[in-house]
Every structure is written in C-alpha cells, then in structure tokens.
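A structural walkthrough
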Amino acid sequence: MRHFVILIVTALMFSATSCATHVQTRRPNTSVTVVKTPPKHYKIVTVRGKRYYFWNGNHYIKTRRGYVFTRM
C-alpha cells in the first residue's frame, strides 16, 4: 500500500508541472555602437520609468560598457 501511495504522489507531481517555456526571439544586432562618454549637452528623458539620454537627435541607454543607441 505504501508503494502505491508513493507512486500516485510521484505521478501527480510530474503531471502538475508544466514543460512549456516562453521563448523570446530578438533580431541579431551586429552593428552596436557603444559611446563611452556622452557629450556635455545631452538631455535626460524619462519614458515609462526608463531613463534615456538624448543628444544629436538620437536616444541612448546607459549600460555597463557605455551608452548604446536605441530606437524609441
């Protein structure tokens, strides 16, 4: 009887978990330009709680390596 209960509990545990995962595809970014320091005349723009840096008509995001161009 004990083995039967363990078998049922094990079967229920494995059937209750889902194997589905969310896969998000991204376009490969082969030409990423990293700017180490922004110019003196940059502006900080906040959109939906995220901070963007604006200069030269482009928006940039700050990363560990520097500032990376992004599309808005």
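Up top is the structure.
Each chain has its residues counted from 1, following the order in which its sequence is written. Reporting of local features is limited, given that this is a predicted model, to residues whose pLDDT is at least 70; pairs of side-chain atoms are given and counted only at 80 or more, and all residues count toward the totals for whole chains, interfaces and linings. Each side-chain value is worked out from all heavy atoms of the structure, with water and hydrogens disregarded.

Some remarks on the environment of R65
Tracing the sequence through the fold places R65 in the loop between β4 (58-62) and β5 (67-70). Relative accessibility under 20% of the residue-type maximum defines a buried residue, over 50% an exposed one, and the middle range a partly exposed one, all with a 1.4 Å probe and only protein chains included. Given a relative accessible area of 67%, R65 falls into the exposed group. Here, residues are in contact when the closest pair of their heavy atoms is within 4.5 Å. Contact partners of R65, with chain neighbours within four places excluded, come to V34 and K36. Under the DSSP-based scheme used, a helix requires at least four consecutive residues in state H or I and a strand at least two consecutive residues in state E, with every element numbered from the N terminus.

Concerning unusual backbone geometry
As a rule of thumb, non-glycine residues mostly have phi less than zero, and peptide bonds are mostly trans rather than cis. Of note, the phi angle at R48 is positive, near 50°, even though the residue is not glycine. Take R48: it is sitting in the loop between β2 (43-47) and β3 (50-55). In the Ramachandran plot, N56 falls in the positive-phi region, its phi being about 60° despite a non-glycine side chain. As for its position among the elements, N56 is in the loop between β3 and β4.

Just distances and angles here, no functional claims.
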